[in-house]
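# Overview (structure and organization)
This is what each chain is made of:
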Amino acid sequence: MEDIVSAVAEVARYLMPILGAIVLLYCAAALLRHRFPSPEYAALVDEKTGEVHEMTFWEMSLGRSPTCDVVIDGDMTVSRFHAVIARRAKGWTVIDTYSKTGTFVNGRRIDKKTILENGDTLTFGSATYRFRQ
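Here goes a summary of the coordinates provided. Since we're looking at a predicted model, the values are computed, not measured.

Quick look at the pairing of strand E10 (residues 121-124) now. The two faces of E10 match: Thr121 and Thr123 on one face and Leu122 and Phe124 on the other face are all buried. In the sheet, strand E7 (residues 103-105) pairs with E10 via 3 bridges, with the strands oriented antiparallel. Paired with Val105 across the strands is Leu122, a residue of E10. With 4 bridges connecting them, E10 and strand E11 (residues 127-132) associate as antiparallel partners. Among the inter-strand pairings, Thr121 is bridged to a residue of E11, identified as Arg130. Between E10 and E11, which pair antiparallel one after the other, the connecting turn spans 2 residues, and Gly125 there sits at a positive phi close to 65°.

Next up, the structure:
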């Protein structure tokens, strides 16, 4: 009986690393096979300063907080986490994240996801940006 156990242990000693390598290669191949395209180019242009904020991620947060992707400094009418702009199947969208002063697209306050078009004006508090695609 001890001989059988030691034989199985000896086989498992070599078989387990081989199985691990096969699983690792299978996962790597799946990641490479299903590459997602990068998001279409988009940017926010500050109307006051002309500063361009490129949309480099699928989702970008905007607000006063230094942890936001687009930081709007020095404007107390902008909430710490004011809005999120995201790339979806239908295009770029903006959603207000329950800010006090609201988010406006072309002068109209939004309360749900809104699809953005090239040239739309976005207002967060008193900060105004032009969406460019």
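The discussion continues.
Glancing now at unusual backbone geometry. For residues besides glycine, phi is generally negative; the peptide bonds are generally trans as well. The residue Tyr98 is not glycine, and still its phi comes out positive at about 60°. Here Tyr98 is to be found in the loop between strand E6 (91-96) and E7. Accessibility expressed as a relative area gives 81% for Tyr98, which makes it exposed.

About the cut-offs
Residues numbered from 1 in each chain as written. Predicted model: local features only at pLDDT ≥ 70, side-chain atom pairs only at ≥ 80, totals over all residues. Heavy atoms only, no water. Buried < 20%, exposed > 50% of the residue type's maximum accessible area, 1.4 Å probe, protein only. Helix = DSSP H or I, 4+ residues; strand = E, 2+ residues; numbered from the N terminus. Pairing = 2+ DSSP bridges.

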